[in-house]
Amino acid sequence: MAESKNIAGIRDDFPLLSRRVHGEPLAYLDNAATTQKPRQVLDAMEQYYVRHNANIHRGVHTLAGEATDAYEGAREKVARFIGARSQDIIFTKNATEALNIPAYGLGLGRDDAVMVTELEHHANFVPWQQQCIRTGARFLIARQQDGMVDIEQVKELVAGLRRTTRGPANGTTTAPKLRVLAVTQTSNALGTNQNIRELADIAHDAGALLVADGAQCIPHQPTDVRKIGADFLAFSGHKMLGPTGIGVLWGTEDALSELSPFIMGGDMIRKVGKEDTEFAELPHRFEAGTPPIAEAVGLGAAVDYLSSLGMEQVHEHVGLLGRKAREALSVIDGVRVLGDAGITADGRNANASGIASFTAPAHPHDMSTLLDAQGIAVRGGHHCAMPLMAALGVNGTTRASFYVYNDIAEVRLFTDAVAGIAARWQHE
Ligand code: PLP
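This report concerns the structure included in the present document.

Concerning the pairing of strand E15 (residues 269-272)
Bridge count for E15 against strand E16 (residues 277-279) is three bridges, and the pairing is antiparallel. Within E16, the residue paired with Ile-269 across the bridge is Phe-279. Linking E15 to E16, which pair antiparallel, is a turn of four residues.

Focus on the packing of aromatic side chains
Following the criterion strictly, the structure yields nine aromatic pairs and no others. Judged by centre distance (4.6 Å) and plane angle (15 degrees), the ring pair of Tyr-104 and Phe-262 falls under stacked. Here Tyr-104 is found in helix H3 (residues 95-105), whereas its partner Phe-262 is found in the loop between helix H8 (253-257) and E15, with 158 residues between them in sequence. Take Phe-262: its relative accessible area is 31%, and that puts it in the partly exposed class. Three or more aromatic residues link up through ring pairs in this structure, and these residues are Phe-14, Tyr-305, Tyr-403 and Tyr-405.

A few points about the site of the ligand
Taken together, the neighbourhood of the ligand is formed by 14 residues, with Thr-96, Asp-213, Gln-216, Ser-236 and Lys-239 sitting nearest. Take Ala-95: an N or O atom from its main chain is 3.4 Å from an oxygen atom of the ligand. His-121 is positioned with one of its side-chain polar atoms (N or O) 3.3 Å from an oxygen atom of the ligand. Split by residue class, the shell around the ligand holds four nonpolar, eight polar and two charged.

A word on helix H11 (residues 364-372)
Residues of H11 that are buried include every one of Pro-364, Met-367, Ser-368 and Leu-371, and no others. All buried residues of H11 lie within an arc of 95 degrees about the axis, which places them on one face of the element. Here the buried face of H11 lies against strand E18 (355-359), strand E19 (376-377), strand E20 (379-381), strand E21 (397-401) and helix H13 (408-427).

Some points on unusual backbone geometry
Omega for the bond connecting Leu-282 with Pro-283 falls within 30 degrees of zero, at 0 degrees, which places this linkage in the cis form. You can see Pro-283 is positioned in the loop between E16 and helix H9 (293-309). Despite not being glycine, His-22 has its phi angle at roughly 50 degrees, a positive value. Of note, His-22 is situated in the loop between strand E1 (20-21) and strand E2 (24-25). Judged by relative accessible area, His-22 falls into the exposed class, the value being 55%. Positive phi, normally seen in glycine, also occurs at Leu-241, with a value near 75 degrees. Tracing the backbone through its elements, the reader meets Leu-241 in the loop between strand E13 (232-236) and strand E14 (247-251).

Considering the nonpolar core
The biggest cluster of nonpolar side chains holds 81 residues, and the ones touching the most others in it are Ile-82, Phe-91, Leu-210, Leu-306 and Val-404. Ranked by residue count, the leading element in this core is H9, at eleven residues. When near neighbours in sequence (up to four residues on either side) are disregarded, Leu-210 contacts Leu-181, Val-183, Ile-196, Leu-199, Ala-200, Ala-203, His-204, Ala-230, Asp-231 and Phe-232. Core analysis: the second largest hydrophobic core is formed by 26 residues, Ala-123, Ala-182, Val-211 and Leu-282 among them.

Re the pattern of salt bridges
Opposite charge on two side chains lets them pair, provided their charged atoms get close. The final tally for this structure, using the stated rule, is 20 salt bridges. Here Glu-152 and Lys-155 are joined by a salt bridge, their closest N and O atoms 3.5 Å apart. On the criterion of helical spacing, the pair formed by Glu-152 and Lys-155 is a turn pair, its members being three residues apart in helix H5 (residues 151-162). A relative accessible area of 48% places Glu-152 in the partly exposed class. With a shortest N-O distance of 4.0 Å, Lys-227 and Asp-224 are connected by a salt bridge.

Calculation criteria
Residues numbered from 1 in each chain as written. Predicted model: local features only at pLDDT ≥ 70, side-chain atom pairs only at ≥ 80, totals over all residues. Heavy atoms only, no water. Pairing = 2+ DSSP bridges. Helix = DSSP H or I, 4+ residues; strand = E, 2+ residues; numbered from the N terminus. Phe/Tyr/Trp six-rings, centres within 6.5 Å; stacked < 30°, edge-to-face > 60°. Buried < 20%, exposed > 50% of the residue type's maximum accessible area, 1.4 Å probe, protein only. Near = heavy atom within 4 Å. Polar contact = N/O pair within 3.5 Å; in protein donor to acceptor, adjacent residues only side chain to side chain. Nonpolar A, V, L, I, M, F, W, Y, C, P; charged D, E, K, R; others polar. Arc of directions from axis to C-beta. Contact = heavy atoms within 4.5 Å. Core = buried A, V, L, I, M, F, W, Y, C linked by side-chain atoms within 4.5 Å. Salt bridge = Lys/Arg side-chain N within 4 Å of Asp/Glu carboxyl O.

Worth remembering: the numbers are spatial, not functional.
Here you go:
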């Protein structure tokens, strides 16, 4: 494990951050889309290709053994990072693919129901919606209020499913059974954090599985899968200092054993006969074909890097920057901050994330373009959360998202720039 690091002064580890954009020093505040990579990650991937590159698992030669060790070693690091067993970690291409594995693998049918929420990123919405359309399963969408899942409505929807409905001819038909409650841990569009434990209890009481989309949460706070209550958890390497092309699906042994493999081919089999195929054990059953080996190595290095910072420190730092940004934005004339839901009934800060999402007199695309002209990279638009934008009654937001290498000076630079743009826009 890497030596422990202080968060102040880590900027030098990130070569890209020394770039200038439009002649200005870069303030990279688009970390919810993807994060920059430290030298340690870039070096680990380069070393893998320079010294160890080979295909994994099947070869007996030295390089094949080294590559296999590097890949499986990365799996162990990721497992430790979230308190999991390594055989329950499945490497995927990204969080999207990770969420599609249970959506396709659970074998949904007409007697099933799936519930998502209005808060979901399309990655945790479209696969479920489309599988429900294909299979005849019922698709339910729970409301949100101020960026928080409306727990009472989730309970009502579950109770509604339990009620037996009268059939068309005579007798009764049983309502579909809830199989899945799929919820984001942290909204990528607003930054609000859901109480997954409470939602998992509701799902489990109904005999359903809780699928957590951790794409915006795992990078920001310590996670122990033994405590959160989820049955599946998906996240992406590139949002936590790792490379693109690698994601993770974690599942409990029981939940994973409910799934049929969704992508088939080499490496995921134990035995192939003319009539049928026996699949490999976990996790290989879900990793068909040559996997993203160098990318897994890069993610392993990213996890080492984050662990050397300490996830408590990461959470505190990123949460502070997000809060300061939302506070400063909220006093700008014409600016409306979304997703600042305050303290929840269970005493948690509902938005302890590094996300500040807002509307202003300028359209999000104009706002983002004008900020870019000052070297400030943010994102404007629907953030792949169109059902949420519709529920909020906006066509998009401007979103700044902070990470470990950002600092308070960048928060000030950004919020002053927004204030300047908003003032000019109103007077033009
Ligand atoms: N879920 C959330 C909450 C996200 O923010 C994202 C990406 O922005 C995803 C899922 C999908 O991640 P990826 O595009 O890496 O598959």
